[in-house]
Amino acid sequence: MEPEARQRYLRTLPAVDELLHRPPIETLLKIHSRPLVVDSIRKVLGEKRRTILQGVEEEAATAASLTADQWTHAVTEEVAATFRPSLRPVINATGVVLHTNLGRAPLPEEALRNLVEIAGGYSNLELDLERGERGSRYGHVEELLCRISGAESGLVVNNNAGAVFLALNSLAEGKEVIVSRGQLVEIGGSFRIPDVMRKSGARLVEVGTTNRTHLRDYEQAITGETALLLKVHTSNFRILGFTAEVLLKDLADLGGARGLPVMEDLGSGCFIDLSPYGIEHEPTVQETLQAGVDVVTFSGDKLLGGPQAGIILGKKKFIDPIKKNPLNRALRIDKLTLAALESTLRVYLDESRVLSALPALGMLTCPLKELATRARRFQRKVSKEISGECQITLREDSSQVGGGALPLQELPTRVVAIRPLKLSAAALEERLRRSEPPVMARVKEEEVLLDLRTVAKEEETALLEAVKKALGNAEFGVRNRKLMNS
Ligand SMILES: *Cc1c(COP(=O)(O)O)cnc(C)c1O
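Since this is a predicted model, take the numbers as computed values, not measurements.

*Asks:* Would you explain the site of the ligand in this entry?
*Replies:* Looking at the ligand, the residues that line it are Arg104, Asn159, Asn160, Ala161, Ile187, Phe191, His233, Ser235, Asp265, Gly267, Ser299 and Lys302. At 3.3 Å from an oxygen atom of the ligand is found a side-chain nitrogen or oxygen belonging to Asn159. Asn160 places a polar main-chain atom, nitrogen or oxygen, 3.0 Å from an oxygen atom of the ligand. Here the ligand loses 94% of its free accessible area of 380 Å² to cover by the protein chains. Elements that contribute at least two residues to the shell around the ligand include exactly helix 9 (160-172) and strand 11 (262-267).

In structure tokens, the structure reads:
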């Protein structure tokens, strides 16, 4: 495009003041503050200016020839977009149950109710109602946690990374902590055991090799400087073949004999054995405590199925200094999380309700037969409503646990596989991701796979609509471009 043409197009753009005085926009000013409306106008104008400067004649011409109605519409849309949350619900059709990028465990009904009630008003967060004295915020969950797990004492913080950091700082600052080389894990890039340990002020003493560590390795490394023996559950990877790991019980016995606390970072923190449902046995919190560890830390939003939280349980003697650590204040759990966590934990008091009440556990243990029926029904609906746009098949596949837990676990599932005929699978995936609500799906061999394991039944209609829209061509194109421009 010629520079003169570019100038000509730019000159046709209205001035901010001119737009401000158009009647529909003046109406906007009655509802919203002037700076907000001015900002929105500037944003819309900036967008059009950029389009023109990019130099594609056709697009520049479109940007420069908006009608008065189109301008007011664009500004009104922009004002509305200001109030639309960036954080919004997404339909998870990936089959990854504890998807960290999608917020891990969805909360149970009772947690949601309690959360809303506590969030909207005052509560006895740090108040002992019986004695009228200051109470502890952990009080609401400590007893519950001890009752479920058999621990003597406990506290909760913001997340498990915080729990590990706080426990190490409380129990081993300036001292040595012995860890097996096979357990120096990295979780999601920003959390590496050696880094967290350094930041906590503890000195890492590595023992053993990547694949084999023996009890004598720990024994020989103990010095007058040793403060803690640490085990890290290798939740997100497995070492196979010629391997040896020290049994937790043996490590606990060694700690006991030498007067050293033994801590395990359990990662997931499962309260029930899921092996009857075909899920690989994950050491439970109860088993870990029974093995004799002094302190155990785990997440609230992995296999426990609750909100993001870091839970620290163990012997009172070692939990007390953690509670008293001033850093605890910096990592403390907020009342909303606490409300959700307490309700989630109460579900565990009646084991028969766990799988039906906690969505994450329900999804993980959903029988294949049920998944197949849902997939078939969904396939039929798509085929009926959309013809000629795609081939649609049911396929055997596997869902994943996610959240860095049980990395090798294959959860057999049936997926609805969509092969679009007029666009690529990658393009369909993108359209789904950019729809409202956004749909996250997997692409495999030129097919978009929808795994209903992680889709709530109430979301199925919205999913069907999204698929219909994404496969139907023209209308989506316009809508999509608008979304991209706003
Ligand atoms: C997931 C995990 C963590 C981090 O937990 P967050 O709750 O995500 O902070 C730490 N250690 C292990 C072993 C884990 O699996």
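*Asks:* Before we go on, may I ask you to explain the pairing of strand 15 (residues 411-420) in this structure?
*Replies:* In summary, the side chains of a regular strand alternate between the two faces of the sheet. Here strand 15 lies mainly inside the structure; seven of its ten residues are buried. Sheet analysis places strand 14 (residues 390-402) next to strand 15, joined by ten bridges and oriented antiparallel. What sits directly across from Leu394, in strand 15, is Val416. In the sheet, strand 15 pairs with strand 18 (residues 447-451) via four bridges, with the strands oriented antiparallel. Considered in strand 18, the bridge of Ile418 is made with Val448.

*Asks:* Hey, could you run me through the pairing of strand 11 in this one?
*Replies:* Taken across its six residues, strand 11 has six buried, putting it largely inside the fold. By the alternation rule, side chains of strand 11 split into Val262, Glu264 and Leu266 and Met263, Asp265 and Gly267, which are all buried. You can see the chain leave strand 10 (residues 226-232), run along helix 12 (residues 248-258) and come back into strand 11, and the turn it takes is right-handed. Bridge analysis of strand 11 against strand 12 (residues 295-299) gives four bridges, and the strand direction is parallel. Bridge pairing links Asp265 to Thr297 in strand 12. In this view, the connection linking strand 11 to its parallel neighbour strand 12 by way of helix 13 (residues 285-290) has right-handed handedness.

*Asks:* Is there a simple way to explain helix 20 (residues 425-433) in this structure?
*Replies:* A turn of α-helix holds 3.6 residues, and therefore any two residues three or four places apart point the same way. Regarding helix 20, the residues found buried are Ala425, Leu428, Glu429, Arg431 and Leu432. Along the axis of helix 20, the buried positions cluster into a sector of 160 degrees, meaning they face one direction only.

*Asks:* For this particular structure, what's the right way to read the packing of helix 1 (residues 3-12) against helix 4 (residues 34-54)?
*Replies:* Describing two packed helices takes the angle between their axes plus the distance from one axis to the other. In contact at an axis separation of 9 Å, helix 1 and helix 4 are set at 165 degrees when each is read in the N-to-C sense. On the basis of their axis angle, the class for helix 1 and helix 4 is roughly antiparallel. Crossing geometry of helix 1 relative to helix 4 is assigned as right-handed. Here Arg6, Tyr9 and Leu10 of helix 1 come into contact with helix 4, specifically with Arg49, Ile52 and Leu53. In the contact of helix 1 with helix 4, the residues fall into four nonpolar, no polar and two charged.

*Asks:* Looking at this model, I keep getting lost on unusual backbone geometry. Mind explaining?
*Replies:* Of note, the bond from Glu436 into Pro437 is cis; its omega dihedral lies within 30 degrees of zero at -5 degrees. With respect to the helices and strands, Pro437 occurs in the loop between helix 20 and strand 16 (439-440). The residue Arg104 is not glycine, and still its phi comes out positive at about 50 degrees. Note that Arg104 resides in the loop between strand 2 (96-98) and helix 7 (109-119).

*Asks:* Explain the sheet that holds strand 10 here, please?
*Replies:* The pairing of strands in a sheet comes from backbone hydrogen bonds and takes either a parallel or an antiparallel form. Read from one edge to the other, the open sheet built from seven strands follows the order 5-13-12-11-10-6-9, with strand pairing classed as mixed. In the strand order of this sheet, the two ends are held by strand 5 (153-157) and strand 9 (203-207), each with one partner. For this sheet, the mean angle separating the axes of adjacent strands, direction not counted, is 20 degrees. The pairing of strand 12 with strand 13 (residues 310-314) spans five bridges and is antiparallel. Along strand 13, the bridge assignment pairs Phe298 with Ile311. Sheet strands in contact with helix 10 (residues 193-200) are strand 6 (176-180), strand 9, strand 10 and strand 11, and its direction is about 145 degrees off that of strand 9.

*Asks:* Can you walk me through the sheet that holds strand 18 in this structure?
*Replies:* With respect to topology, five strands assemble into an open sheet ordered 2-14-15-18-17, the strand pairing being mixed. Because the sheet does not close on itself, it has two edges, and the strands there are strand 2 and strand 17 (442-444). Taking the axes of each pair of neighbouring strands and ignoring which way they run, one obtains an average angle of 40 degrees across the sheet. Pairing of strand 17 with strand 18, which is carried by three bridges, proceeds in the antiparallel orientation. Bridged to Lys444 within strand 18 is Glu447. Packed onto the sheet, helix 20 meets strand 15, strand 17 and strand 18 and runs at close to 40 degrees relative to strand 18.

*Asks:* Any chance you could explain the domain arrangement of the protein here in plain terms?
*Replies:* The extent of an interface is frequently quoted as the accessible surface area lost upon association of the parts. Splitting the protein by domain gives domain 1 (3-83), domain 2 (91-99 + 364-485) and domain 3 (107-355). Placing the centre of domain 2 and that of domain 3 at their C-alpha centroids yields a distance of 36 Å. Taken residue by residue, the interface counts twelve residues in domain 2 and 15 residues in domain 3. Contact between domain 2 and domain 3 buries roughly 1100 Å² in total, counting both sides, with carbon and sulfur atoms accounting for 70%. Counting across the domain 2 and domain 3 interface gives zero salt bridges. The interface formed by domain 2 and domain 3 holds two residue pairs in polar contact (both at pLDDT 80 or more) in total. Across the side of domain 2 that touches domain 3, the residue classes tally to eight nonpolar, four polar and no charged.

Parameters at a glance
Residues numbered from 1 in each chain as written. Predicted model: local features only at pLDDT ≥ 70, side-chain atom pairs only at ≥ 80, totals over all residues. Heavy atoms only, no water. Near = heavy atom within 4 Å. Polar contact = N/O pair within 3.5 Å; in protein donor to acceptor, adjacent residues only side chain to side chain. Areas by Shrake-Rupley, 256 points an atom, 1.4 Å probe, with all protein chains shown as cover. Helix = DSSP H or I, 4+ residues; strand = E, 2+ residues; numbered from the N terminus. Buried < 20%, exposed > 50% of the residue type's maximum accessible area, 1.4 Å probe, protein only. Pairing = 2+ DSSP bridges. Right-handed = clockwise from strand over helix to strand, strands pointing away. Arc of directions from axis to C-beta. Axes fitted to C-alpha atoms, helices over the stretch in contact; angles between N-to-C directions. Parallel < 35°, antiparallel > 145°, perpendicular 65-115°, else oblique. Left-handed = near helix turned anticlockwise from the far one by under 90°. Contact = heavy atoms within 4.5 Å. Nonpolar A, V, L, I, M, F, W, Y, C, P; charged D, E, K, R; others polar. Domains from an automatic or database assignment. Buried area = accessible area lost by both parts, 1.4 Å probe. Salt bridge = Lys/Arg side-chain N within 4 Å of Asp/Glu carboxyl O.

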